[in-house]
Amino acid sequence: MKIALVNFDIDEYLVKFAEKISQNFQVESFMGYRKPKVNSTLRNSDFVDATLLYHVENFEDKFDPKLIIKNKDYYFKYFLLFSNVMDRVSPIPHSSNYKELYFWKLINFFVNYINEKKIDLFFFDCTPHRPWDFILFLVAKNLGKRTLILRRTEFIAKNLIVEDFERNELKFHYEYNNQVDHNFSDILDKKNLDHLKNYLRSKDNRDGLTLKRYQQSNNLEILSKRNNFYNVIFKIINFFKLIEIKYIFFDVLFKKIPLQQVGATEDTIPNTTVASLKKINKFDYFFIKLKTLLRNLKINRLNRNIKDFKMEEKYIFFPLPFQPERTTLPEAGNNGSVINSIKFLSANLPHNIIIVVKEHPRQLYKDIRTYNFRDENFYNELLKIKNVKLVNVREDYNKLISNCILTSTLCGSVIFDGLMLGKPSLVFGNTWLSDCESVKLVNLNEDLKTTFSELLNKKEDQVKDDLFNFLKNNQKFFINAACDGFEIERFKLDEDKNLENLILAVKNRIGKV
């Protein structure tokens, strides 16, 4: 069996994993941004340089342009999703013609490459969410190749290996040898909610950041929440807009433009923020930053100048996801439109129930990646929807869950957070929790009234029981290993033990493919 490993090149923990796997299986292809070290066993694999896969003109010089595409209708249905994926790496939008040309060039290349190398299985380090690996995944599926993806859950070092990112296609129900965690099993048997919380990744989240990043942040707004001195400084700086001046002048004049290096080395640092822009000068970069800043000021004003919400009405809590992020793009699939999801929800609601919407804190940061995702028009359209109330971004997330009748989302963490508090959930996207009895996937072609009735009749204890029963039935499908080195560092895990568990699980899974 010939295997391709995709994006296992940057994270040192995953590089060690890839090298171990290459000693047990034929790794025909190693794809990513960084070449394997000279002494690495991966040096024997064919290296596909991802830095060359962001620009149409590179295909003319480097790759075979033969047109061998079958089942074109299959690819056409993913073009809108691909176009949205492109927006995350290009703050200056490309024309429709360019996107279409790039789309088919990528497909051409990977069809030719896979057929030439005769690869049987593609293993991705996470859900493919960049233009090139997204297309690679689609081509592999269309050619009947097997695909495996490392997929995080809400639990620390309890993750899944799935086969797809689309609804009802995850296929993670595979029981691994030697992966039982008796302590975790005991917690589930006793339905001990307090002890279960110790396993959650979210236990160290603050304002959308991990605890370590929150504590180390030099963001003045975050510092102002922790220290009165910084609070005064922040108000002065905010009044004179000094942060904004630094953002568009100092950063442009004195910092290097974050272009993706073209041509991989053993030390390449991937930078996909503006990866699809091959050439960009200081003048262009200034205007990208200026537009990002103006957009940021507008949406901050919209989300912060809102009176406190009185939690007296019956409401469904719909927290907005951070975008762009792979949990919605592409994991939410064709149901990835927040606006359309909320409109559908509103149209099917009983008249006495409202939808409370809260923005994700990270969406309000000055981040070039968010430029094409949510602007003033988005909020204007959102506020036109019947029964929708946008609340201040500072509203307490946990209180909003505690007081709602149920949660709803594309496929965010609020599903699990709500279940922990006894709240059922209506989900529009793709989640590993969809088989839980208190989680219902929305079918846009069906009436929601029956589903609403079922969920609203559930008591808090029933919802918690559903969660524990689901976890008890599905814990055998977890791999007791971190998905990346960041998880190892963040939660101070034993790297050798996690690596051993990950390798055993993957060998077990690949051996059965």
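Quick caveat: nothing in here was measured; it's all calculated off a predicted structure. (Residues numbered from 1 in each chain as written. Predicted model: local features only at pLDDT ≥ 70, side-chain atom pairs only at ≥ 80, totals over all residues. Heavy atoms only, no water.)

(A) Expanded view of the overall build of the protein chain. The number of helices and strands found in the protein chain is 21 helices and 14 strands. Against the compact-globule benchmark of 24 Å for 513 residues, the protein chain has a radius of gyration of 23 Å, which places it among compact chains. Dimensions along the principal axes, computed over C-alpha positions, put the protein chain at roughly 65 × 60 × 50 Å. Within the protein chain, buried positions represent 55% of all 513 residues. Restricting to contacts in the protein chain with at least 6 residues of sequence separation, those with at least 24 account for 71%. When the accessible area of the protein chain is evaluated, it comes to approximately 23900 Å², of which 48% is carbon and sulfur surface. Placing the 79 positive and 65 negative side-chain charges of the protein chain at their respective mean positions leaves the two points 3 Å apart. (Helix = DSSP H or I, 4+ residues; strand = E, 2+ residues; numbered from the N terminus. Rg over C-alpha atoms; globule rule 2.2 N^0.38 Å. Buried < 20%, exposed > 50% of the residue type's maximum accessible area, 1.4 Å probe, protein only. Contact = heavy atoms within 4.5 Å. Areas by Shrake-Rupley, 256 points an atom, 1.4 Å probe, with all protein chains shown as cover. Lys, Arg positive; Asp, Glu negative; His and termini not counted. Charge placed at Lys NZ, Arg CZ, Asp CG, Glu CD.)

(B) Main features of the packing of helix H14 (residues 338–347) against helix H15 (residues 376–384). Their axes nearest at 10 Å, the elements H14 and H15 cross at an angle of 5°. Classified by the interaxial angle, the pair formed by H14 and H15 is roughly parallel. Here Val338, Ile339, Ile342 and Lys343 of H14 come into contact with H15, specifically with Phe378, Glu381 and Leu382. Here the residues of the contact of H14 with H15 are counted per class, giving five nonpolar, no polar and two charged. (Axes fitted to C-alpha atoms, helices over the stretch in contact; angles between N-to-C directions. Parallel < 35°, antiparallel > 145°, perpendicular 65-115°, else oblique. Nonpolar A, V, L, I, M, F, W, Y, C, P; charged D, E, K, R; others polar.)

(C) Representation of the pattern of salt bridges within the structure. Per the counting criterion, the structure on display carries 27 salt bridges. Where Lys171 meets Glu169, a salt bridge forms, and the shortest distance between an N and an O atom there is 3.8 Å. Under the relative-accessibility criterion, Glu169 is labelled partly exposed at 33%. Here Asp194 ties to Lys197 by a salt bridge, and the two come within 4.0 Å at their closest N and O atoms. With a gap of three residues between them, Asp194 and Lys197 both fall in helix H8 (residues 193–197), about one helical turn apart. Among the residues examined, Asp194 registers a relative accessible area of 54% and is labelled exposed. A single network of salt bridges, built from pairs that share partners, joins Arg146, Glu163 and Arg509. (Salt bridge = Lys/Arg side-chain N within 4 Å of Asp/Glu carboxyl O.)

(D) Layout of H14. The buried count for H14 comes to seven of ten residues, which makes it a mostly enclosed element. Along H14, the residues classified as buried are Val338, Ile339, Ser341, Ile342, Phe344, Leu345 and Ser346. For H14, the side-chain oxygen to backbone nitrogen distance between the N-cap and Asn340 is 3.1 Å, and the N-cap itself is Ser337. (Polar contact = N/O pair within 3.5 Å; in protein donor to acceptor, adjacent residues only side chain to side chain.)

(E) Molecular detail of the sheet that holds strand S11 (residues 388–391). With parallel pairing, the six strands of this open sheet are ordered in space as S11-S10-S9-S12-S13-S14. Since the sheet does not close on itself, it has two edges, and those belong to S11 and strand S14 (439–441), each with one partner. If you compare each strand with its neighbour and ignore which way they point, the axes differ by 25° on average. The pairing of strand S13 (residues 425–427) with S14 spans three bridges and is parallel. What sits directly across from Leu426, in S14, is Lys440. Relative to S13, helix H18 (residues 449–456) is tilted by about 150°, and along the sheet it contacts strand S9 (315–319), strand S12 (406–409), S13 and S14. (Pairing = 2+ DSSP bridges.)

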